[in-house]
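# Tertiary structure, described
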Amino acid sequence: MADATNKEEKSLNFLEEIIEEHLNNGTYKSIVTRFPPEPNGYLHIGHASSICLNFGLTQKYPGYTNLRFDDTNPVTEETEYVESIKDDVRWLGFEWKYERYASDYFDTLYEYALKLIDKGLAYVDDSTSEEMAAMKGTPTEPGKDSPYRNRSVEENRDLFVRMKNGEFQDGARTLRAKIDMAHINMLMRDPILYRIKHAHHHRTGDIWCIYPMYDFAHGQSDSIEEVTHSICTMEFVPHRELYDWLIEKLEIYPSHQYEFARRNINYTVTSKRKLLQLVNENYVTGWDDPRMPTISGLRRRGYTPESIREFCDRIGVAKRDNMVDVGLLEFCVREHLNKIALRRMVVFDPIKVVITNYNGSGEVLQSENNPEDANAGLREIPFSREIYIERDDFMENPPKKYFRLAPGQMVRLKSAYIIKCEQVIKAADGSIVEIHCTYMPESKSGSDTSGINVKGTLHWVSAASALEVEVREYDRLFRVEYPTDEEGDFKDYINPGSLKVVKGYAEPALAAAKPEDRFQFLRKGYYCLDKDATDEKLIFNRTVTLKDGWAKEVKKG
RNA sequence: UGAGCUAUGGUGUAACGGUAGCACUACAGAUUUUGGUUCUGUCUGUCUAGGUUCGAAUCCUAGUAGCUCAACCA
């Protein structure tokens, strides 16, 4: 990014092309976009694309972006969601110009409805939802006019005011636009504008008992805010005709809608309904469960905002259907964490190594906090006669090209000495109790004069000073690539191994871990402290594993 | 069986009538006190059929395929 000047210009996505065109031909001097979540769930990785897009556009071009909550359905919306959404947008690194709510405009919207009635373009319909569905027609057959379609303006006005005043029960009447029941676009077949809901709204309380539908709130809110580019996903393409119709008939500021294809990611689900099920039915511990594709889940998992922004940037924006490989998300987080994570050593499945010719005590070694970052400094690691190494870093009968510890074989202990396996001590049942090694005193890391070259380097931890920690190893939540496309319930395809809780033996420096720290446990993966951790008990979440070339080698056989 | 949208390697995305490129993945190799990182190389693509043109991924026509549309959800 810093040397963008000497690179050829990055190609524009189709929205940037449209905007540059508008800016160049003077349609607009600056632009206004908005991010319009409905506060009925937590934001997920799919929303991140939309956030990066909308806010990114006004970082790149003159203008600003509003955060606007589409809160027109009080029965599903809650303040908790409003707060989480604001947190998540900020955490991702974006700040809005104005915080707005569709509910801020309820008075105006009501006036707009009256205006439509007065123009003879809206009517109150007494039909039940079943009757309306029956009259709606199908994509291939025209619908039928409602018997209430030709009420007088006066009657419509009277009825609508009474709807607002609470004289009718939920569902008793609706306000509909009077367009064309035979329209080829189903959304233009007299769409419902207002419905009656005697429900408590998270912001307007009990003032209203009629609420506008999406189509009579979204475009109008855009218009009120003078949004120039109202960007949404492809499923709203058919709505655009209605969007434009309402703005035209209302004679208000002409915002315009542009659509891009929602980003899909394999091995996960991103429908709010499904995510809500996972939470409510306790398949996960909450919206911020580290296995969830929510922003708060990814955050708790240890993803960085930078890595998520990078991911959104790499997958781009287009109009065609897509299925992004979750591996790219993992690549992005590894790429960032590699640069910033502090290196630490943790042994998960320990086997004791006794260094029989070592008689030192209190020796302290130094190791770099991050070989990618000289400014990260060094840390101290105690060394001793008894250490732990990973059980699978030792094999009695190793295959070819096994560079780890084996009888007679030598390895480097990271930032310490070279050791040689001399003897394997076993219990009566044949299981390995400990391994006896000798070390090469002149092979000390940083001042090695031994002249010995070893292929393998192991992480280790001094037995006496090892800290016992809990590690939560997360894997993808679903075991199939397209959970939604499978037979039956998507929940049947949850990966039973998506969470494994294991014990780890950590080097003492980890005692100072703070919530915002990111770690690479050497040769294992990237980890962060979980919010469940206490001073007595350190708990780490595995963000993502390191790439494992050896595992691949083994698999090949 | 109406209408709309979309079709470029395994995946995502460029090329705006003029050499199909980039990234991820995969594979091979080099470097490495993390079998990580880094570096080098390789494989794989324009949905089909016609047409326009000196020249088509790009423009036109017709097919085909996928997605979307019949919530008092957004």
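Within chain A, residue pLDDT values average 96, and 98% of them lie at 70 or more. Note that pLDDT drops below 50 for residues 1–7; the model gives that stretch 0 contacts with residues more than four away or on any other chain. Scored as a whole, the predicted complex attains pTM 0.96, and scored at its interfaces, ipTM 0.97.

Let us now look at the sheet that holds strand β6 (residues 192–196). The strand order β4-β5-β6-β7 describes an open sheet built from 4 strands, whose pairing is antiparallel. Looking at which strands have only one partner, the edges of the open sheet turn out to be β4 (122–125) and β7 (210–212). Between one strand axis and the next, the sheet turns by 20° as a mean value, whatever way the strands run. In terms of strand pairing, β6 meets β7 through 3 bridges, oriented antiparallel. Counterpart to I196 in the pairing with β7 is I210.

Right, let's talk about the domain arrangement of chain A for a bit. Accessible area lost upon the coming together of the parts serves often as the stated size of an interface. In terms of domains, chain A is made up of domain 1 (26–260), domain 2 (272–342 + 469–556) and domain 3 (346–459). Just the C-alpha atoms count here: the centres of domain 1 and domain 3 sit 65 Å apart.

As a matter of local geometry, RNA strand B sits amid 68 residues, with E17, R314, R343, S445 and R523 nearest to it. The sugar and phosphate moieties of RNA strand B supply 62% of its atoms located within 4 Å of the protein. Separating a phosphate oxygen of RNA strand B from a side-chain N or O atom of R320 is a distance of 2.9 Å. F403 is positioned with one of its backbone polar atoms (N or O) 2.8 Å from a base oxygen of RNA strand B. Secondary structure elements with two or more residues in the surface near RNA strand B: α5 (129–135), β6, α11 (305–315), α12 (326–340) and α13 (549–556).

In this section: the pattern of salt bridges. Counted under the stated rule, the structure contains 49 salt bridges. Its salt-bridge partner being K426, residue E396 comes within 2.9 Å of it at the nearest N-O pair. In this pair, E396 is assigned in the loop between β15 (386–390) and β16 (410–413) and K426 in strand β17 (residues 418–426), connecting sequence segments 30 residues apart. Look at K426 and you get partly exposed, because its relative accessible area is 39%. Here the residues in one salt-bridge network are D288, R300, E470, R472, D530, K531, D532 and K537, joined through shared partners.

Considered for burial, the residues of helix α1 (residues 14–24) that qualify are L15, E16, I19 and H22. Buried residues along α1 cover an arc of 125° about the axis, so they all sit on one side. Lining the buried residues of α1 we find β1 (31–35), α2 (45–60), β8 (229–233) and β9 (256–260). A side-chain oxygen of the first residue of α1 lies 2.9 Å from the backbone nitrogen of L15; this N-cap is N13. G26 sits one or two residues past α1 and shows a positive phi near 80°.

Before going further, it helps to spend a moment on the packing of aromatic side chains. Counted under the stated rule, the structure contains 28 aromatic pairs. A ring pair is formed by F383 and Y417, whose centres lie 5.2 Å apart and whose planes are at 50°; its orientation type is tilted. You can see F383 sitting in the loop between β14 (378–382) and β15 and its partner Y417 sitting in the loop between β16 and β17, a full 34 residues away along the chain. Like F383, the residue Y417 is buried in the burial classification. Considering the side-chain rings of F478 and F490, the 6.0 Å spacing of their centres and the 40° angle between planes classify their relative orientation as tilted. One end of the pair, F478, is in the loop between β21 (467–474) and β22 (499–506); the other, F490, is in the loop between β21 and β22, with 12 residues separating them in the sequence. Comparing F478 with F490, the two get one shared label, buried. Among the aromatic residues, those joined into a cluster by ring pairs are F106, Y110, F160, Y194, W208, Y211 and F216. Taking NZ or CZ as reference, R203 lies 3.6 Å from the ring centre of Y101, over its face.

Cut-offs applied
Residues numbered from 1 in each chain as written. Chains lettered and ligands numbered in written order. Predicted model: local features only at pLDDT ≥ 70, side-chain atom pairs only at ≥ 80, totals over all residues. Heavy atoms only, no water. pLDDT = per-residue confidence, 0-100. Contact = heavy atoms within 4.5 Å. Pairing = 2+ DSSP bridges. Helix = DSSP H or I, 4+ residues; strand = E, 2+ residues; numbered from the N terminus. Axes fitted to C-alpha atoms, helices over the stretch in contact; angles between N-to-C directions. Domains from an automatic or database assignment. Near = heavy atom within 4 Å. Polar contact = N/O pair within 3.5 Å; in protein donor to acceptor, adjacent residues only side chain to side chain. Salt bridge = Lys/Arg side-chain N within 4 Å of Asp/Glu carboxyl O. Buried < 20%, exposed > 50% of the residue type's maximum accessible area, 1.4 Å probe, protein only. Arc of directions from axis to C-beta. Phe/Tyr/Trp six-rings, centres within 6.5 Å; stacked < 30°, edge-to-face > 60°. Lys NZ or Arg CZ within 6 Å of the ring centre and 35° of its normal.

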